[in-house]
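Spelled out, the chains give:
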Amino acid sequence: MSGTKTSFLLTGATGYIGGAILARFLAHPKAHTFQFTVLVRDPAKAEKFEALGVKAVVGSHSDAHLVEKLASEADVVIAAADCDDLGAATATLAGLRKRHALGVVPIFINTSGTGVISDEAKGAFAGDLVYDDSDVKQIQSIAPTQMHRNVDLAITEADVEGYVKTYIVLPSTIYGIATGQFVDAGIQNPHSLQIPALISAALDRGRAGMVGEGKNLWPNVEIHELADLYAILYDNIVENADLGHGWNGFYFGASGEHSLLDVGKAIGEALVALGKSDNPEPTTFSQEELGKYFGGSYLGSNSRCRATRSLSIGWKPTKTTSDMLASIRPEVEALIHKKAKVAA
Ligand SMILES: *[C@@H]1O[C@H](CO)[C@@H](O)[C@H](O)[C@H]1NC(C)=O
């Protein structure tokens, strides 16, 4: 640790997840001992972070040299940039290897996603395979060809090598409009990806949609409760020398489960209530629509998990699938409002 403060590097701070994590850590009882550096592309946003007391470096996650340098100066790296970029992982690990040479075993918490356990259901069925984050053999059995997996493997291998302790958080469908100081300052995206993308498509076609029959299942987690998981994980890492890492450091972020049909119906009902559709029943997206709205997409897949390990460290999410469904109407309203503003 540098002096009495712990130095953190956070990537993705202007994003939905990263901003929520940062707000959560700055509200931590030990926040006065944390020195956060964030990496942001936009100089104007960097200035606003600085004004809020967060050290901000202007640059890109794909600048390997810069990422390596910043990681080499950090005791803890928390990565929340959605990039699916092996380069960013390699550069981060190279920096952490240098940090280790100074006699510290640095901590690397990366954000992956339950997309890594998704199948090819295309909405046709509810899968019965459920992954458990505390079942190491099962986590090890995930195919290297799965989404995110090449990066997760590279990171876990670094832990096995021993110069860094790695932890991988795998959020599911994250929902809810993020709040907090960085959203208020206009420097954090308050919206998730998956559900807003479905809403946007539904508004465009005047009807809620789904992949196939929408029978496929995905877990869900509320954004602020997900941010809690990172903070609780960090506390456990610091306080419990026996806490597992590497292969024993996978944490699912999931507290409910829904079918794509459930989400489609909730979107359809909100559309009808807001005068944007005359029928609440979702219809199947055509191949063409899937390409146009989602660039192919895994939305029709099953991704089923149990967050046993996350719960075992004291994470206590209270939100359920009904909270997720209730979050849809405000999300539809926000998007209608945004589109009206763009059109004006
Ligand atoms: C974190 O993991 C995700 C998913 O595998 C990957 O896209 C991202 O590049 C990783 N970030 C870093 C800094 O390793």
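Residues numbered from 1 in each chain as written. Predicted model: local features only at pLDDT ≥ 70, side-chain atom pairs only at ≥ 80, totals over all residues. Heavy atoms only, no water.

**Q** What am I meant to see in the layout of surface pockets here?
**A** Unoccupied space between atoms shows up once a probe the size of one water molecule is rolled over them. Within this model, the second largest pocket holds a volume of roughly 340 Å³. In terms of lining, the second largest pocket is formed by 22 residues, of which the most central are E120, K122, S297, Y298 and G300. Residues of the lining of the second largest pocket, tallied by class, amount to seven nonpolar, 12 polar and three charged. In this structure, the lining of the second largest pocket is formed jointly by two domains, domain 1 (6-119 + 131-176 + 222-253) and domain 2 (194-219 + 256-343), each of which donates at least three residues. (1 Å grid on protein atoms, 1.4 Å probe; cavity = no way out; pocket = protein on both sides within 12 Å on 5 of 7 lines; lining within 4 Å. Points joined across faces, edges and corners; volume = space filled by probe spheres on them. Nonpolar A, V, L, I, M, F, W, Y, C, P; charged D, E, K, R; others polar. Domains from an automatic or database assignment.)

**Q** Looking at this model, I keep getting lost on helix 10 (residues 260-273). Mind explaining?
**A** Because each turn of an α-helix spans 3.6 residues, side chains separated by three or four positions end up pointing in the same direction. The end-to-end C-alpha distance of helix 10, which contains 14 residues, comes to 20 Å, matching closely the 20 Å that a straight helix rising 1.5 Å per residue would cover. What helix 10 keeps buried is the set L260, V263, G264, A266, I267, G268, A270 and L271. On its buried face, helix 10 is in contact with helix 8 (194-205), strand 9 (209-210), strand 12 (256-259), helix 13 (321-326) and helix 14 (328-343). (Helix = DSSP H or I, 4+ residues; strand = E, 2+ residues; numbered from the N terminus. Expected span 1.5 Å × (residues − 1). Buried < 20%, exposed > 50% of the residue type's maximum accessible area, 1.4 Å probe, protein only. Contact = heavy atoms within 4.5 Å.)

**Q** Would you explain the site of the ligand in this entry?
**A** Close to the ligand lie 15 residues; D84, D85, N110, H148 and D152 are nearest. Taking T111, its main chain carries an N or O atom lying 3.2 Å from an oxygen atom of the ligand. Protein contacts shield 96% of the accessible area of the ligand, which totals 360 Å² for the unbound molecule. When residues of the shell around the ligand are traced back to their parent elements, those giving at least two are helix 4 (86-101), strand 5 (107-111) and helix 6 (149-161). (Near = heavy atom within 4 Å. Polar contact = N/O pair within 3.5 Å; in protein donor to acceptor, adjacent residues only side chain to side chain. Areas by Shrake-Rupley, 256 points an atom, 1.4 Å probe, with all protein chains shown as cover.)

**Q** Mind showing me how you'd approach the pattern of salt bridges here?
**A** A full pass over the atoms with the stated rule returns 12 salt bridges. The partner of D75 in a salt bridge is R99, with the nearest N and O atoms 2.9 Å apart. One end of the pair, D75, is in the loop between helix 3 (64-72) and strand 4 (76-79); the other, R99, is in helix 4, with 24 residues separating them in the sequence. For the pair shown, D75 and R99 are each scored as buried. Salt-bridge contacts for E289 lead to R205; the nearest nitrogen and oxygen are separated by 2.7 Å. (Salt bridge = Lys/Arg side-chain N within 4 Å of Asp/Glu carboxyl O.)

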